[in-house]
Amino acid sequence: MTSTAEPGHEPVPETPTHAVPETPTHAVVEQIPFPASVSPDAAGAADYVAAVDLENAVRRAAIGSDELSWEPDEQLPHLLDEVHSDHRLFGVREQGRLVAVGWYETRREGDAATTAWLDVSVLPEARRRGHGTLLAEHLEQLARAEGRTQVIAYVRSRGEGEPRLLPPPAPGRCRGGTTRCASCWPGAGSSAR
């Protein structure tokens, strides 16, 4: 898919199509255009609203709250403003329903012009089918094709079942709050100080 550029805008490079042959759905990444409005009769509004709803569901599952959710009409003006940045939305469907989305954001100028921001979300019931990997690879290839040299990925997770990284204790304190225990400070419990 190649898009034509408006006057004053660089053309968007052709985005590669990716498929995961081992999935029963033969998933394909498709670009989801941003609608002019979220009105039900606006072209593309239903897919955009479904993508935002999907993102909100993933956030809710990850943090256990709607605290980070946003309404489709809240974010749309920012996504449509192409003066300083570009935003693109991609999705993967199963039986016609969006089950995974990938957000891609770049800056047009300044220090961050070589950076791409990526955010991939997959509905919990559609995970482990390759959709997240498919979207992440698609977004990374797009960043490379555009000459981006830095990629920043947004990741949300409760980390259930995984070991957690603990911050280091304050100098002179162990994680339990006491001073230099033997488990945090090797040699602290020995007579050689």
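Whatever comes next refers back to the structure up there.
All values derive from a computational prediction rather than experimental measurement. (Residues numbered from 1 in each chain as written. Predicted model: local features only at pLDDT ≥ 70, side-chain atom pairs only at ≥ 80, totals over all residues. Heavy atoms only, no water.)

*Asks:* I'd like to hear about the overall build of the protein chain, residue by residue, with values.
*Replies:* Of regular secondary structure, the protein chain possesses three helices and five strands. The buried share of the protein chain, taken over its 193 residues, is 32%. Just so you have it, the protein chain exposes about 12000 Å², and 52% of that area is on carbon and sulfur atoms. (Helix = DSSP H or I, 4+ residues; strand = E, 2+ residues; numbered from the N terminus. Buried < 20%, exposed > 50% of the residue type's maximum accessible area, 1.4 Å probe, protein only. Areas by Shrake-Rupley, 256 points an atom, 1.4 Å probe, with all protein chains shown as cover.)

*Asks:* Tell me about the sheet that holds strand β1 (residues 30–32), and please be specific about residues and values.
*Replies:* Strand order in this open sheet of five strands is β1-β2-β3-β4-β5, and the pairing throughout is mixed. Among the strands making up the open sheet, the edge pair consists of β1 and β5 (150–154). Direction aside, neighbouring strands of the sheet carry axes that sit 30° apart on average. (Pairing = 2+ DSSP bridges. Axes fitted to C-alpha atoms, helices over the stretch in contact; angles between N-to-C directions.)

*Asks:* Could you give me a rundown of the side chain of S85, with the residues and numbers involved?
*Replies:* Relative to the assigned elements, S85 resides in strand β2 (residues 85–94). Given a relative accessible area of 7%, S85 falls into the buried group. With residues near it in sequence (within four places) discarded, S85 still touches T106, R107 and R108. (Contact = heavy atoms within 4.5 Å.)

*Asks:* Explain helix α3 (residues 131–145) residue by residue, including any values.
*Replies:* In a regular helix each residue adds 1.5 Å, so 15 residues correspond to 21 Å; α3 covers 21 Å between its end C-alpha atoms and thus fits that length. For α3, the full list of buried residues reads H131, L134, L135, H138, L139, L142 and A143. An end-on view of α3 places all buried positions within 165° of arc, on one side of the element. Following α3 by one or two positions, G147 has its phi on the positive side, about 80°. (Expected span 1.5 Å × (residues − 1). Arc of directions from axis to C-beta.)

*Asks:* Provide a residue-level description of the pairing of β5, including the pertinent values.
*Replies:* Pairing geometry for strand β4 (residues 115–122) and β5, over five bridges, is parallel. The residue bridging L118 from the neighbouring strand is A153, located in β5. Following the backbone out of β4, through α3 and into the adjacent parallel β5, one traces a crossover that is right-handed. (Right-handed = clockwise from strand over helix to strand, strands pointing away.)

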